[in-house]
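What the coordinates show
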Amino acid sequence: MTDRVLVVDALSAGSGQRRSSRDSIGCGPRTVAGVFEKHDIHCRIHRIEELLEKRSLLKKFDHVAISAMTMDLPAVTKFVKLWRGSRTQGRIIIGGPISANPLDLKELNPDVIVIGEGEATLEELVTEKFFEKYVELSEIRGVAYPVAGQIIVTKPRDLIHSKILSESYRASTTRIIDYNAYQASKVYVEVTRGCSNYRRTNLRLDDGRQCSDCSNCDSDDSKVRMDCPEDIPPGCGFCSVPGTWGPPRSRTIEVIVEEVRELLDLGVHRIVLESPGFLDFMRGREPLTNPCHPPANLEAIRNLLNRLNALPQVANKTAHIAIENMKACLFSEDVAKTLVDSMMSSSPNIGLETGSEKQLRNIGKCGSPEDVVEAVRIASQYGMNPFVYFIYGLPGEDEETVRESIEIMREVSKAGAERIIMYGFRPLPGSAFANYPESSTKDELGMQLRKEADRINREKKDSYLGKIIRGIASEPSWARHGYTMVSPLEEGPLMTVPGGYSPGTLLNVLISEVLSSGLVAGEVVQDEKSNR
Ligand code: SF4
């Protein structure tokens, strides 16, 4: 009997139950399953909360591969205890963003930790028969493993070349069926990996490192931008993407379209083209380390979107393709026109983080607050409803930066932003701000920012009253007995309606009440004609 591997999706589980993005399915666990499928290893994906509830599921598997983020350590700890409690044998592999600091996983005593980009490392473990016999892990790059209570970390593995990434590694599509309510979920399909922002913070880091103004960050030479004499991680100080995944690598249009086709044929209705910066898609030459120049590759974007639009489910509008992250400094009229001409009715998610130009510079962010206001104005002019991201509790935050952020929030709202997304600062391993204190919800300045974002978002929800939104039923409401949560098929708010509808049912909802800045209530109406 070949080994049976359980792929555990612990992403955003936190202490064991996802509170946000409950209708999202990331591409990490499917990527892991893709490596096992490539080597004919039987695998199934389960969300960690499902496994913590139904322990009997564990019996069906011999080994486990866990995909998690730093915030999910509590849930992963519970799971490992359960897994160990159910057997004496069976390998435990842990990977994903949680592996950025392997020492944090010491207490879990896993068999191996796959650090950073995982496909090639996992493949080497598989070909070395890691599930069947002893393997000398010190020979394998990109892993960490426990020895005598210590964690040994081997040399980092080179990032996979973009050509190999497309030719040799495919995220599993078949395993999408392992997810409950996948028909109603946003399923992420990777388009690019890595980020082009090779600016860096100039704030002093806890270990004394600080920018010495060597000007490499402003060099016209893309390779020079990769080199910081002070060894400050590249990119926005709060983010570990460029430090972990390097400059952007794009997958080929063929591979992306094939993956989307297979997922749609399995009943997925909502696809999100996953990328830290979609407008980096096939932009410029590698290594791409300038976040704002050259401009987006409109031809490549047009080709990709036209191929996706030709897929039957997209053409007959029973499926929707969305794009999320876009850098404001690349979001021009030509980009907006290209998206609209390609019938891409998806709205850009634009990161701003702070309305203070000074703080923006200090944290290493590219572009300017004005770039964001302009991008929102353009997007709105072309009928899109952009989201703008802010972070409270960021290093350098003070009364002045908060005042400027509130001012810009109002400006982007007036310019047409659909929603202000507010996150609390979290020190991520592998980022420049890894050792800065985490934000507190009790902090007065943070409260001011959240209050303003909430006020704007609630106001925006009012514009949905009396409208009919096309949506897809996902799961029973936790808060309202006998109600069903409904996600918008295209754009729009999360909805809740009376009645029980099975996951994946397409519905038209007449919006009757704003319940919060993120949720509206409504009635299901038979009328096929909808306002959006
Ligand atoms: S490369 Fe480093 S030292 Fe040079 S300008 Fe950038 S952050 Fe400063």
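Scroll up to find the structure this text is about.
Everything in this summary refers to the structure shown in the same document. This is a predicted model, so every value here is computed, not measured.

Spatially, five strands are ordered 17-18-19-21-20 in a closed barrel, and the strand pairing comes out mixed. For this sheet the average axis-to-axis angle between neighbouring strands, irrespective of direction, equals 50°. Across three bridges, the pairing between strand 19 (residues 494-498) and strand 21 (residues 519-524) is parallel. The partner of leucine 494 across the bridge, within strand 21, is leucine 519. With respect to the sheet, helix 14 (residues 444-462) is in contact with strand 20 (506-516) and strand 21, its orientation differing from that of strand 20 by roughly 135°.

All right, on to the pattern of salt bridges then. All told, the structure shown has 32 salt bridges when counted by the stated rule. Of the charged contacts in the structure, one is a salt bridge between arginine 361 and glutamate 357, with a shortest N-O distance of 3.3 Å. Of this pair, arginine 361 and glutamate 357 are both found in helix 11 (residues 357-362), four residues apart, which corresponds to roughly one turn of the helix. Residue classification places arginine 361 among the partly exposed positions, given a relative accessible area of 31%. Residues glutamate 374 and arginine 377 are paired through a salt bridge, measuring 2.6 Å at the closest nitrogen-oxygen approach. Placement of the pair is glutamate 374 and arginine 377 together in helix 12 (residues 369-381), with a separation of three residues, close to one helical turn. The exposure class assigned to glutamate 374 is partly exposed, which follows from its relative accessible area of 35%.

With that out of the way, let us pick up the state of the cysteines. Applying the stated rule across the entire model yields one disulfide. Residue cysteine 292 pairs covalently with cysteine 329 via a disulfide, S to S 2.2 Å. Every disulfide takes its handedness from the sign of the S-S torsion; for cysteine 292 and cysteine 329 that torsion is -85°, giving left-handed. Placement of the pair is cysteine 292 in the loop between strand 12 (270-274) and helix 8 (298-309) and cysteine 329 in the loop between strand 13 (320-323) and helix 10 (333-341), with a sequence separation of 37 residues. You can call cysteine 292 buried: its relative accessible area is 16%. Cysteine 195 forms no disulfide, and the closest cysteine sulfur to it belongs to cysteine 239, at a distance of 6.4 Å. A relative accessible area of 10% places cysteine 195 in the buried class.

What follows concerns the sheet that holds strand 6 (residues 112-114). Spatially, 3-1-4-5-6-7-8 is the arrangement adopted by the seven strands of the open sheet, whose pairing is mixed. Looking at which strands have only one partner, the edges of the open sheet turn out to be strand 3 (42-47) and strand 8 (150-153). Ignoring which end each strand starts from, the neighbouring axes of this sheet average 20° apart. Note: strand 5 (residues 92-95) against strand 6, two bridges, orientation parallel. What sits directly across from isoleucine 93, in strand 6, is valine 112. Those strands touched by helix 3 (residues 73-85) are strand 1 (4-9), strand 4 (63-67) and strand 5, and its axis lies near 180° from that of strand 4.

How each quantity is defined
- Each residue is numbered by its place in its chain's sequence as written, counting from 1.
- pLDDT decides what is reported in this predicted model: residues at 70 or higher carry local features, side-chain atom pairs at 80 or more are listed and counted, and totals for whole chains, interfaces and linings draw on all residues regardless.
- The basis for every side-chain value is the complete set of non-hydrogen atoms in the structure, without hydrogens or water.
- DSSP bridges decide pairing: two strands pair if at least two such bridges lie between them.
- What counts as a helix is a DSSP run of H or I of at least four residues, what counts as a strand is a run of E of at least two, and both are numbered from the N terminus.
- Between the N-to-C directions of two axes lies an angle of 0 to 180 degrees, each axis being a line fitted to C-alpha atoms and, for a helix, fitted only over the stretch in contact.
- Note on contacts: a residue pair is in contact if any heavy atoms of the two residues lie within 4.5 Å.
- What makes a salt bridge here is a side-chain nitrogen of Lys or Arg within 4 Å of a carboxyl oxygen of Asp or Glu, nothing more.
- When a residue's accessible area, from a 1.4 Å probe over protein chains only, is under 20% of the maximum for its type it is buried; when over 50% it is exposed; and in between it is partly exposed.
- Note on disulfides: each one is a pair of cysteine sulfur atoms within 2.5 Å.

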